[in-house]
Amino acid sequence: MQLRRNQALESFHEFLKRENEVGNITRQEAVSMVPPLFLNVQPDHHILDMCAAPGSKTFQLLEMIHQSTKPGLLPNALVVANDVDVQRCNLLIHQTKRMCTANLIVTNHEAQNFPGCNLAKFCSETCMDEAKLQRLEFDRVLCDVPCSGDGTVRKAPDMWRKWNAGMGNGLHRLQVEIAMRGMGLLKVGGRMVYSTCSMNPVENEAVVAEILRRCGDSVELLDVSSELPELARRPGLSTWKVRDRGSWFGVHEDVPRYRKSVISPSMFPSGKGSKDIEVNTDVLDADMKDSTDMGEEGEQERNTAIDDSNNGDSAKTEEKTEVDCESGEAPTRYKKLNSTSTRTEHSDYPLHRCMRIVPHDQNSGAFFIAVLHKHSPLNENQVVDWVKSEQSIPEDKTGKLEKDLGSDKVSSEENIVPQQVVDNTNVVDGEQNGDMDSKSSKDKSSEDAKVIVDEAEKGQAGTRDRRRQQNQGRWRGVDPVIFFKDEVTIKSIVSFYGIKDSFPLEGHLVTRNPDTSHVKRIYYVSKSVQDVLELNIKVGERLKITSLGLKIFERQSSKDGSPCTFRLSSEGLPLLLPYITKQILYASAIDFQHLLQYRTIKFPDFVDAKFGEEASALLPGCCVVVLREGHQDIGSIATDPSAIAIVCWKGKTNLCVMLSPLDGKELLERISLRFGLKIPKLDKEKPNQEVTGSGEQPDCANEADDQPESKASDMEIPDAEAE
């Protein structure tokens, strides 16, 4: 805010925004970058970021797996970034596209119900032994869960207007479910980091203790005090009290009967009663009735939602969660509860190994971090017993609860929904309930049938055709991921650009359009992503994939009749550059600068006449222009990690840059500073060289395809491809 308001720093503020947009820098609060550092990521790890949006930690993880690889090579690692909200997924895609990676998959699932891909469940007994080896598990899991966000008040002071103690109580169960799901998807020997931007022990130590309680000896809370020794941290708490509606409780027994459904035993240090909790449904009904009688004030108190913040970690919300909040003054019937419990409990688990980062220790935000190690497969019987004990509301009572609360409140943190709890029995082996898939499949079929009937009645034949095309995948409204196997097109691309055989294309090209004859974009995926996609197809597309891979080719029509209908993408150029042997030019610094500045230049107008001749001799269509410094050897430029190259279009008479204005301006400034060149202004006299202005149209076929590539505008909406 200070940068924005200070006119003296206006240019610096614009510089920061531009560099962030093109991907040279990422702005992120320092304390938020700590959790990924404790994952100890290696170049061959499969990593799951369960609650990834807006994507800063995902970007950090991608940098970790790419930092040790050479140009033109991809790491064996993989990052799966998941978020429950579609809009936040789009933001996540936009943020991570700046990384230009082929090792990322973005999914759209509830974190606590993230699907497992276990081929053994879908195979006959004859292939069971082979199928057992094919399942989706992760070496590292980042579990940065939704929280009340009180640790972010320094950067988001408005948080105090919305914050209350009940927010943490309402999120506790969801946090436990997400953490347990992550532990179920973690490989034996793997590491999971659980973190929040909250200081509430109900959201922190209580969740970690519950994980250890359920998992037994299979999971260990690691002592990482020797890691990052310069980080100022405090140990986790072993004792705490739980606040509810103006009262503090030290043990679960002190909680009133009608509040025991909200304040669970797992929120307390000992966790006693978590295996034998009994929910009195009559009391639940009475409590709901009383809450209804409280009128507008009580209803507002019951339905306070956790608002989402755009600035990163603060109050990230997996789903609309109903929470019980304490208002300024408790309702009359609760005033007698305003008391403090005298009894306290101490946890038997080594919770001091958790980390609490508090703001005044090192002038930062607040964060809680716990590092967990999985020694062996989880004890299935132990988890199943806990689930059965939680599922204690009879079906007839459950139906009444759903009717009273309404369908949109069934999943609230106050109420135990049998279907939700049943799904948790599969946390052990990393799988969801199979019946849930068949149910969702039936629902999907009925929804599709209803849409088709309605459209037929309205006579919207075109819309119906598009909907049918969109729904060819398992997930409604999201285009399927299809391996691109059009050999004729692939051969024409390889021949036109002279792509070396050492660059693997077979099995690495995917698209989102079921009609291969109308494919607009082709994406490149790493071997690790390819394996996950193949497994996902075998198990019936259980993963809802909104984005993946690296855009490498785009369809481009031309009136000049280019032999290749696909041009190179700027995003995929750094990966492909070392393997291109045709349609490639090497320009001097001054000609490279002019290309970026004027964007379209006729062949005779280049300073280096030989360069203009070489450009005119190329086949019409897409080409690559590489910056050549001095007398640098051409053979070594393409493999140089610092090589600078841009995608251009060779027409009949000119060369046209196919780069977004924002990227072009940033690169132009970098080149000018590097070689001490001045940038002449376009609104004044042009330099002595006769170069054509930027207003001249290139020799491309249609105006839409002439538009330069823009990373911001190319952000993929999941169903945009079919349109």
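Residues numbered from 1 in each chain as written. Predicted model: local features only at pLDDT ≥ 70, side-chain atom pairs only at ≥ 80, totals over all residues. Heavy atoms only, no water.

**Section: the environment of Thr239**
Note on placement: Thr239 falls in the loop between β7 (234–235) and β8 (242–244). Accessibility expressed as a relative area gives 34% for Thr239, which makes it partly exposed. Taking the C-alpha atoms as reference points, Thr239 and Phe268, 29 residues apart in sequence, are found 8.2 Å from one another. Ignoring any residue separated from it by four or fewer positions in sequence, one finds Thr239 in contact with Pro269, Thr344, Glu345 and His346. (Helix = DSSP H or I, 4+ residues; strand = E, 2+ residues; numbered from the N terminus. Buried < 20%, exposed > 50% of the residue type's maximum accessible area, 1.4 Å probe, protein only. Contact = heavy atoms within 4.5 Å.)

**What about the side chain of Thr196?**
Looking at the element boundaries, Thr196 is found in strand β5 (residues 186–196). Judged by relative accessible area, Thr196 falls into the buried class, the value being 0%. A polar contact of 3.3 Å, which involves the side chain of Thr196, links it to the backbone nitrogen of Ser198. Engagement of the side chain of Thr196 in a polar contact is seen with the side chain of Asn204, the distance being 2.6 Å. (Polar contact = N/O pair within 3.5 Å; in protein donor to acceptor, adjacent residues only side chain to side chain.)

**Brief notes about the pattern of salt bridges**
Enumeration according to the criterion identifies 20 salt bridges in this entry. In this structure, the salt-bridge partner of Glu137 is Arg135, at a minimum N-O distance of 3.6 Å. Judged by its relative accessible area of 24%, Glu137 is partly exposed. A salt bridge links Asp139 to Lys187, with the shortest nitrogen-to-oxygen separation between them at 3.5 Å. Pair noted here: Asp139 is in strand β4 (residues 138–144) and Lys187 is in strand β5, with a separation of 48 residues, a long-range link. (Salt bridge = Lys/Arg side-chain N within 4 Å of Asp/Glu carboxyl O.)

**Let's talk about the packing of helix α2 (residues 10–22) against helix α24 (residues 661–675)**
It is the contact of α2 with α24, at a shortest axis distance of 10 Å, that shows an interaxial angle of 110°. It follows that α2 is roughly perpendicular to α24 by the angle criterion. For α2 against α24, the interelement crossing comes out left-handed. Across from Arg18, Glu19, Glu21 and Val22 in α2, the residues of α24 making contact are Leu662, Asp663, Glu666 and Glu669. Each residue belonging to the contact of α2 with α24 can be placed in one class, and the counts come to two nonpolar, no polar and six charged. (Axes fitted to C-alpha atoms, helices over the stretch in contact; angles between N-to-C directions. Parallel < 35°, antiparallel > 145°, perpendicular 65-115°, else oblique. Left-handed = near helix turned anticlockwise from the far one by under 90°. Nonpolar A, V, L, I, M, F, W, Y, C, P; charged D, E, K, R; others polar.)

**Some words on the sheet that holds strand β19 (residues 600–602)**
To summarise the sheet geometry, strands pair through backbone hydrogen bonds and adopt either a parallel or an antiparallel arrangement. Within the open sheet, the five strands sit side by side as β18-β20-β21-β22-β19. Their pairing is mixed. Every interior strand has two partners, whereas the edge strands, β18 (584–587) and β19, have only one. Strand-to-strand twist of the sheet, defined as the mean angle between neighbouring strand axes without regard to direction, takes the value 30°. The sheet contact formed by β18 and strand β20 (residues 621–627) spans four bridges and is parallel. Residue pairing across strands places Ile584 opposite Val624, the latter belonging to β20. Contacting β18, β20, β21 (645–650) and β22 (654–657), helix α22 (residues 609–617) runs over the sheet at an angle of about 165° to β18. (Pairing = 2+ DSSP bridges.)

**Here's the deal with the sheet that holds strand β12 (residues 482–483)**
With respect to topology, five strands assemble into an open sheet ordered β12-β13-β14-β16-β17, the strand pairing being antiparallel. Two strands lie at the open edges of the sheet, namely β12 and β17 (566–568), each paired on one side alone. Note that strand β13 (residues 509–511) and strand β14 (residues 521–524) share two bridges and pair antiparallel. Bridging from a neighbouring strand, Leu509 pairs with Tyr524 of β14. Along the sheet, helix α18 (residues 487–497) makes contact with β13, β14, β16 (550–555) and β17, crossing β17 at roughly 45°.

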